[in-house]
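Single-letter residue listing:
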Amino acid sequence: MFLAKEGGLPATDRGLAYGDGLFETIRVEGARAPLLSKHLDRLARDARRLGIAITRNEVQRIASEALVEGAETRGDEAWVLKLIVTRGAGGRGYRPDPDGEANVLVLEASAPPPPPAVGVRVDFSRVPLTVNPLLCGIKSLNRLEQVLAAKELEGDLFEVLMSNNAGDIVEGTRTNLFVDTDEGWRTPPAHTLAVSGVMRAHVLACLQQRGEPVFETTLSLADLMSDSCRGVYLTNAVLGIVPVAELAGQALPVNNRLATVCGLPTEIDGASC
(Lines give C-alpha, C1' and ligand atoms only; values in the text may rest on other atoms or scores of the structure.)
Protein backbone atom coordinates (compact mmCIF):
# COMPACT_ATOMS: atom_id res chain seq x y z
CA MET A 1 0.00 0.00 0.00
CA PHE A 2 1.23 3.48 -0.92
CA LEU A 3 0.17 6.39 1.31
CA ALA A 4 0.25 9.97 -0.02
CA LYS A 5 -0.87 13.41 1.09
CA GLU A 6 -1.91 16.53 -0.83
CA GLY A 7 -1.65 15.30 -4.39
CA GLY A 8 1.26 12.88 -4.12
CA LEU A 9 -0.16 10.02 -6.18
CA PRO A 10 1.90 8.75 -9.13
CA ALA A 11 0.92 9.77 -12.67
CA THR A 12 0.19 6.11 -13.49
CA ASP A 13 -2.46 5.83 -10.77
CA ARG A 14 -5.58 3.98 -11.97
CA GLY A 15 -7.83 6.31 -10.01
CA LEU A 16 -6.62 9.17 -12.18
CA ALA A 17 -6.68 7.16 -15.41
CA TYR A 18 -9.98 5.29 -15.02
CA GLY A 19 -11.72 6.47 -11.85
CA ASP A 20 -10.73 3.08 -10.43
CA GLY A 21 -11.23 3.76 -6.74
CA LEU A 22 -13.50 5.18 -4.07
CA PHE A 23 -13.50 7.86 -1.40
CA GLU A 24 -14.99 9.06 1.88
CA THR A 25 -15.54 12.60 3.14
CA ILE A 26 -15.71 12.64 6.93
CA ARG A 27 -16.78 15.51 9.18
CA VAL A 28 -14.45 16.06 12.12
CA GLU A 29 -14.87 18.18 15.25
CA GLY A 30 -11.35 18.73 16.57
CA ALA A 31 -10.07 15.16 16.72
CA ARG A 32 -13.51 13.55 16.94
CA ALA A 33 -15.28 12.14 13.88
CA PRO A 34 -18.79 11.13 15.04
CA LEU A 35 -19.53 8.81 12.10
CA LEU A 36 -15.98 7.56 11.52
CA SER A 37 -16.68 3.86 12.11
CA LYS A 38 -19.55 3.90 9.61
CA HIS A 39 -17.39 5.63 7.00
CA LEU A 40 -14.57 3.14 7.42
CA ASP A 41 -16.96 0.19 7.36
CA ARG A 42 -18.35 1.38 4.03
CA LEU A 43 -14.91 2.11 2.60
CA ALA A 44 -13.61 -1.37 3.46
CA ARG A 45 -16.80 -3.09 2.31
CA ASP A 46 -16.92 -1.33 -1.03
CA ALA A 47 -13.20 -1.86 -1.59
CA ARG A 48 -13.92 -5.58 -1.29
CA ARG A 49 -16.77 -5.23 -3.79
CA LEU A 50 -14.34 -3.66 -6.26
CA GLY A 51 -11.55 -6.09 -5.45
CA ILE A 52 -9.19 -3.37 -4.17
CA ALA A 53 -6.59 -4.76 -1.77
CA ILE A 54 -6.99 -2.78 1.45
CA THR A 55 -8.29 -3.87 4.86
CA ARG A 56 -10.48 -2.24 7.49
CA ASN A 57 -7.54 -2.18 9.90
CA GLU A 58 -5.36 -0.36 7.38
CA VAL A 59 -7.89 2.41 6.72
CA GLN A 60 -8.55 2.66 10.47
CA ARG A 61 -4.84 3.25 11.15
CA ILE A 62 -4.58 5.85 8.38
CA ALA A 63 -7.69 7.70 9.55
CA SER A 64 -6.60 7.67 13.19
CA GLU A 65 -3.22 9.19 12.34
CA ALA A 66 -4.87 11.82 10.15
CA LEU A 67 -7.28 12.78 12.96
CA VAL A 68 -4.42 13.31 15.40
CA GLU A 69 -2.44 15.40 12.90
CA GLY A 70 -5.49 17.42 11.90
CA ALA A 71 -6.41 18.20 15.49
CA GLU A 72 -2.88 19.45 16.19
CA THR A 73 -3.15 22.08 13.46
CA ARG A 74 -6.88 22.89 13.57
CA GLY A 75 -7.67 22.73 17.27
CA ASP A 76 -11.39 22.39 18.00
CA GLU A 77 -12.64 23.74 14.67
CA ALA A 78 -14.80 21.67 12.35
CA TRP A 79 -12.99 20.23 9.34
CA VAL A 80 -13.31 17.55 6.69
CA LEU A 81 -11.05 14.54 6.27
CA LYS A 82 -11.10 13.01 2.79
CA LEU A 83 -9.70 9.54 2.13
CA ILE A 84 -9.23 8.47 -1.50
CA VAL A 85 -8.40 4.81 -2.13
CA THR A 86 -7.43 3.67 -5.62
CA ARG A 87 -6.47 0.30 -7.04
CA GLY A 88 -2.93 1.62 -7.36
CA ALA A 89 -0.54 2.29 -10.21
CA GLY A 90 -0.79 0.43 -13.49
CA GLY A 91 0.20 0.49 -17.11
CA ARG A 92 -1.97 0.96 -20.19
CA GLY A 93 -5.24 -0.94 -20.50
CA TYR A 94 -8.26 -1.47 -18.32
CA ARG A 95 -7.27 -4.87 -16.97
CA PRO A 96 -5.92 -4.47 -13.43
CA ASP A 97 -2.83 -6.16 -12.06
CA PRO A 98 -4.05 -8.91 -9.69
CA ASP A 99 -0.97 -8.30 -7.52
CA GLY A 100 -1.31 -4.51 -7.47
CA GLU A 101 -1.20 -2.55 -4.22
CA ALA A 102 -3.73 0.11 -3.30
CA ASN A 103 -2.85 3.80 -3.15
CA VAL A 104 -4.36 6.02 -0.43
CA LEU A 105 -4.51 9.80 -0.61
CA VAL A 106 -5.26 11.78 2.58
CA LEU A 107 -6.65 15.31 2.27
CA GLU A 108 -8.12 17.79 4.73
CA ALA A 109 -10.08 21.00 4.41
CA SER A 110 -12.12 23.38 6.52
CA ALA A 111 -15.75 22.40 7.01
CA PRO A 112 -18.27 24.26 4.82
CA PRO A 113 -20.61 26.74 6.51
CA PRO A 114 -23.84 25.22 7.80
CA PRO A 115 -26.93 25.53 5.58
CA PRO A 116 -29.49 28.15 6.66
CA ALA A 117 -31.79 26.94 9.43
CA VAL A 118 -34.81 28.29 7.53
CA GLY A 119 -34.23 25.69 4.79
CA VAL A 120 -32.69 25.70 1.34
CA ARG A 121 -33.79 26.13 -2.26
CA VAL A 122 -33.71 23.00 -4.43
CA ASP A 123 -34.66 22.23 -8.04
CA PHE A 124 -34.66 19.23 -10.37
CA SER A 125 -31.66 18.43 -12.53
CA ARG A 126 -31.79 17.99 -16.29
CA VAL A 127 -28.98 15.41 -16.04
CA PRO A 128 -30.26 11.80 -15.81
CA LEU A 129 -28.65 9.47 -13.29
CA THR A 130 -27.67 5.95 -14.37
CA VAL A 131 -26.98 3.41 -11.64
CA ASN A 132 -25.16 0.21 -12.57
CA PRO A 133 -26.44 -2.60 -10.30
CA LEU A 134 -22.87 -3.80 -9.80
CA LEU A 135 -21.84 -0.37 -8.50
CA CYS A 136 -24.98 0.81 -6.70
CA GLY A 137 -24.32 2.64 -3.46
CA ILE A 138 -20.54 2.77 -3.87
CA LYS A 139 -18.97 6.20 -3.42
CA SER A 140 -16.64 5.57 -6.33
CA LEU A 141 -14.43 8.06 -8.15
CA ASN A 142 -16.82 7.86 -11.15
CA ARG A 143 -18.92 10.97 -10.47
CA LEU A 144 -19.20 12.64 -13.89
CA GLU A 145 -23.01 12.72 -13.84
CA GLN A 146 -22.90 14.56 -10.51
CA VAL A 147 -20.27 16.93 -11.88
CA LEU A 148 -22.50 17.84 -14.84
CA ALA A 149 -25.56 18.23 -12.61
CA ALA A 150 -23.64 20.42 -10.14
CA LYS A 151 -22.98 22.91 -12.96
CA GLU A 152 -26.69 23.76 -12.68
CA LEU A 153 -26.17 25.14 -9.16
CA GLU A 154 -26.24 28.91 -9.43
CA GLY A 155 -26.97 31.69 -6.98
CA ASP A 156 -28.57 30.41 -3.78
CA LEU A 157 -29.68 27.11 -5.34
CA PHE A 158 -28.38 24.59 -2.80
CA GLU A 159 -28.98 21.31 -4.60
CA VAL A 160 -30.57 19.65 -7.62
CA LEU A 161 -32.36 16.31 -7.43
CA MET A 162 -31.52 13.72 -10.07
CA SER A 163 -33.86 11.16 -11.68
CA ASN A 164 -33.15 7.75 -13.17
CA ASN A 165 -34.28 6.52 -16.59
CA ALA A 166 -37.63 5.44 -15.13
CA GLY A 167 -38.31 9.00 -13.97
CA ASP A 168 -37.94 8.20 -10.26
CA ILE A 169 -36.35 10.88 -8.10
CA VAL A 170 -33.22 9.20 -6.73
CA GLU A 171 -30.86 11.60 -4.93
CA GLY A 172 -29.06 14.93 -5.12
CA THR A 173 -25.60 15.57 -6.47
CA ARG A 174 -24.21 15.24 -2.92
CA THR A 175 -27.21 14.29 -0.80
CA ASN A 176 -29.71 11.55 -0.13
CA LEU A 177 -33.40 12.24 0.19
CA PHE A 178 -36.12 11.73 2.82
CA VAL A 179 -39.75 12.79 2.46
CA ASP A 180 -42.16 13.20 5.37
CA THR A 181 -45.67 12.13 4.29
CA ASP A 182 -49.04 11.46 5.92
CA GLU A 183 -48.23 7.73 5.83
CA GLY A 184 -44.68 8.02 7.19
CA TRP A 185 -41.14 8.66 6.02
CA ARG A 186 -40.12 7.67 2.50
CA THR A 187 -36.67 7.35 0.95
CA PRO A 188 -35.50 5.75 -2.33
CA PRO A 189 -34.27 2.13 -1.98
CA ALA A 190 -30.54 1.58 -1.54
CA HIS A 191 -30.25 -0.48 -4.73
CA THR A 192 -31.41 2.52 -6.80
CA LEU A 193 -28.78 4.89 -5.42
CA ALA A 194 -25.48 5.94 -6.92
CA VAL A 195 -24.29 6.69 -3.38
CA SER A 196 -25.88 5.14 -0.31
CA GLY A 197 -24.82 7.70 2.25
CA VAL A 198 -23.51 7.15 5.75
CA MET A 199 -25.89 9.81 7.07
CA ARG A 200 -28.77 8.14 5.21
CA ALA A 201 -28.01 4.87 7.00
CA HIS A 202 -27.85 6.67 10.34
CA VAL A 203 -31.18 8.41 9.76
CA LEU A 204 -32.85 5.14 8.76
CA ALA A 205 -31.56 3.45 11.90
CA CYS A 206 -32.77 6.34 14.09
CA LEU A 207 -36.25 6.36 12.55
CA GLN A 208 -36.58 2.61 13.00
CA GLN A 209 -35.30 2.78 16.57
CA ARG A 210 -37.85 5.45 17.43
CA GLY A 211 -40.68 3.42 15.92
CA GLU A 212 -41.30 5.93 13.12
CA PRO A 213 -42.91 4.39 10.01
CA VAL A 214 -40.28 4.52 7.26
CA PHE A 215 -40.45 3.00 3.79
CA GLU A 216 -37.72 2.47 1.21
CA THR A 217 -39.72 3.06 -1.94
CA THR A 218 -39.51 4.87 -5.25
CA LEU A 219 -40.36 8.57 -5.30
CA SER A 220 -41.93 10.40 -8.22
CA LEU A 221 -42.15 14.09 -8.97
CA ALA A 222 -45.82 13.93 -7.99
CA ASP A 223 -44.94 12.46 -4.58
CA LEU A 224 -42.70 15.38 -3.73
CA MET A 225 -45.14 18.02 -4.94
CA SER A 226 -48.33 16.48 -3.52
CA ASP A 227 -50.45 17.83 -0.65
CA SER A 228 -49.53 14.77 1.45
CA CYS A 229 -45.87 15.85 1.48
CA ARG A 230 -45.16 17.35 4.90
CA GLY A 231 -41.51 18.09 4.30
CA VAL A 232 -38.46 17.19 2.22
CA TYR A 233 -35.05 16.67 3.79
CA LEU A 234 -31.56 16.19 2.36
CA THR A 235 -28.93 14.21 4.25
CA ASN A 236 -25.17 14.46 3.97
CA ALA A 237 -22.48 13.28 6.40
CA VAL A 238 -20.68 16.64 6.30
CA LEU A 239 -23.72 18.95 6.30
CA GLY A 240 -26.11 16.84 8.38
CA ILE A 241 -29.88 17.03 7.91
CA VAL A 242 -30.99 19.89 5.65
CA PRO A 243 -34.67 20.88 5.32
CA VAL A 244 -35.90 22.04 1.91
CA ALA A 245 -37.85 25.30 1.99
CA GLU A 246 -38.47 25.61 -1.75
CA LEU A 247 -38.59 22.88 -4.39
CA ALA A 248 -38.82 23.93 -8.05
CA GLY A 249 -40.42 27.21 -7.02
CA GLN A 250 -42.97 25.62 -4.65
CA ALA A 251 -42.77 26.50 -0.95
CA LEU A 252 -42.56 23.52 1.40
CA PRO A 253 -43.20 23.28 5.15
CA VAL A 254 -39.98 23.50 7.16
CA ASN A 255 -39.44 22.11 10.64
CA ASN A 256 -36.77 20.34 12.67
CA ARG A 257 -38.66 17.09 13.15
CA LEU A 258 -36.14 14.84 11.42
CA ALA A 259 -33.20 16.54 13.14
CA THR A 260 -35.00 16.15 16.47
CA VAL A 261 -35.52 12.44 15.88
CA CYS A 262 -31.96 11.77 14.73
CA GLY A 263 -29.78 14.50 16.20
CA LEU A 264 -27.33 16.75 14.39
CA PRO A 265 -23.94 15.41 13.19
CA THR A 266 -22.12 16.91 16.17
CA GLU A 267 -24.45 15.04 18.53
CA ILE A 268 -24.07 11.60 16.99
CA ASP A 269 -21.79 9.17 18.82
CA GLY A 270 -22.26 6.33 16.35
CA ALA A 271 -24.12 4.03 18.75
CA SER A 272 -27.07 6.12 19.89
CA CYS A 273 -29.62 8.26 18.09
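Details of the structure are given in the entry above.
Conventions adopted
Residues numbered from 1 in each chain as written. Predicted model: local features only at pLDDT ≥ 70, side-chain atom pairs only at ≥ 80, totals over all residues. Heavy atoms only, no water. Helix = DSSP H or I, 4+ residues; strand = E, 2+ residues; numbered from the N terminus. Rg over C-alpha atoms; globule rule 2.2 N^0.38 Å. Buried < 20%, exposed > 50% of the residue type's maximum accessible area, 1.4 Å probe, protein only. Contact = heavy atoms within 4.5 Å. Areas by Shrake-Rupley, 256 points an atom, 1.4 Å probe, with all protein chains shown as cover. Lys, Arg positive; Asp, Glu negative; His and termini not counted. Charge placed at Lys NZ, Arg CZ, Asp CG, Glu CD. Salt bridge = Lys/Arg side-chain N within 4 Å of Asp/Glu carboxyl O. Phe/Tyr/Trp six-rings, centres within 6.5 Å; stacked < 30°, edge-to-face > 60°. Lys NZ or Arg CZ within 6 Å of the ring centre and 35° of its normal. 1 Å grid on protein atoms, 1.4 Å probe; cavity = no way out; pocket = protein on both sides within 12 Å on 5 of 7 lines; lining within 4 Å. Points joined across faces, edges and corners; volume = space filled by probe spheres on them. Nonpolar A, V, L, I, M, F, W, Y, C, P; charged D, E, K, R; others polar. Pairing = 2+ DSSP bridges.

Asks: Is there a simple way to think about the overall build of the protein chain in this case?
Replies: Summing up its helical and strand segments, the protein chain has seven helices and 13 strands in all. Since a compact globule built from 273 residues should have a radius of gyration of about 19 Å, the 19 Å found for the protein chain is in line with a globular shape. Overall size of the protein chain, expressed as C-alpha extent along the three principal axes, is 55 × 40 × 35 Å. The proportion of buried residues among the 273 residues of the protein chain is 48%. When contacts within the protein chain are restricted to residue pairs at least 6 apart in sequence, long-range pairs at least 24 apart make up 72% of them. When the accessible surface of the protein chain is split by element, carbon and sulfur atoms take 53% of a total near 12,900 Å². Averaging the locations of the 27 positively and 35 negatively charged side chains of the protein chain gives two centres separated by 4 Å.

Asks: Hey, could you run me through the pattern of salt bridges in this one?
Replies: Note that side chains of opposite charge can pair when their charged atoms are close. Summed over the entire model, instances satisfying the criterion amount to 17 salt bridges. Among the ionic pairs, Glu108 bridges to Arg74, the shortest N-O distance being 2.8 Å. Taken as a pair, Glu108 in strand S4 (residues 103-110) and Arg74 in helix H3 (residues 56-74) lie far apart in primary sequence, 34 residues in all. Since its relative accessible area comes to 32%, Glu108 is described here as partly exposed. Where salt bridges share partners, they join Asp180, Glu212, Arg230 and Arg257 into one cluster.

Asks: Got a minute to help me understand the packing of aromatic side chains in this structure?
Replies: Two aromatic rings are characterised by how far apart their centres lie and by the angle between their planes. As enumerated under the stated definition, the model contains two aromatic pairs in all. Summarising the aromatic geometry, the rings of Tyr18 and Tyr94 are spaced 5.0 Å apart at their centres and angled 65 degrees between planes, so their arrangement reads as edge-to-face. Of the two residues, Tyr18 is situated in helix H1 (residues 14-18) and Tyr94 in the loop between strand S3 (78-86) and S4; the sequence distance between them amounts to 76 residues. For Tyr94, a relative accessible area of 67% puts it in the exposed group. Across the ring face of Phe23, the terminal group of Lys82 is positioned such that the distance to the ring centre comes to 4.9 Å. The ring of Phe158 carries the charged tip of Arg174 above its face, separated from the ring centre by 4.3 Å.

Asks: So what exactly am I meant to see when it comes to the layout of surface pockets here?
Replies: Empty space among the atoms can be located by rolling a probe the size of a water molecule over them. In this structure, the largest pocket spans a volume of roughly 660 Å³. At the level of secondary structure, the elements contributing two or more residues to the lining of the largest pocket comprise strand S2 (21-29), helix H2 (36-50), S3, strand S7 (169-172), helix H5 (198-209) and strand S11 (229-236). Residue composition of the lining of the largest pocket, grouped by class: eleven nonpolar, ten polar and seven charged.

Asks: Whenever I open this one, the environment of Ala222 confuses me. Can you help?
Replies: Structurally, Ala222 is set in helix H6 (residues 221-225). On the basis of relative accessibility, which here comes to 52%, the residue Ala222 falls in the exposed class. C-alpha of Ala222 to C-alpha of Ile169: the two residues are 53 residues apart in sequence and 10.0 Å apart in space.

Asks: Honestly, the environment of Leu141 in this entry has me stumped. Any pointers?
Replies: Locating Leu141 in the fold gives a position in the loop between strand S5 (120-124) and helix H4 (144-150). Accessibility expressed as a relative area gives 26% for Leu141, which makes it partly exposed. Residues Leu141 and Thr86 lie 55 residues apart in sequence; the distance between their C-alpha atoms is 8.6 Å. Not counting the four nearest positions on each side in its chain, Leu141 is found in contact with Gly15, Gly19, Asp20, Gly21, Leu22, Phe23, Ile84 and Thr86.

Asks: Can you walk me through the side chain of Arg200 in this structure?
Replies: Its location among the elements puts Arg200 in helix H5. Here Arg200 falls in the buried class, since its relative accessible area comes to 3%. Discounting chain neighbours no more than four positions away, the residues touching Arg200 are Asn176, Phe178, Thr187, Pro188, Pro189, Ala190, Leu193, Glu216 and Thr235.

Asks: Just checking my understanding: could you explain the pairing of S11 for this structure?
Replies: Every other side chain in a regular strand lies on the same face of the sheet, so the side chains alternate between the two faces. The element S11 is extensively covered by neighbouring structure, given that seven of its eight residues are classed as buried. Note: strand S8 (residues 176-181) against S11, six bridges, orientation antiparallel. For Phe178, the partnering residue across the bridge sits in S11 and is Tyr233. In this structure, S11 lies alongside strand S12 (residues 240-247), joined through four bridges in antiparallel fashion. In the strand pairing of S12, Thr235 is matched with Ile241. A loop of three residues connects S11 with S12, the two strands running antiparallel in sequence.

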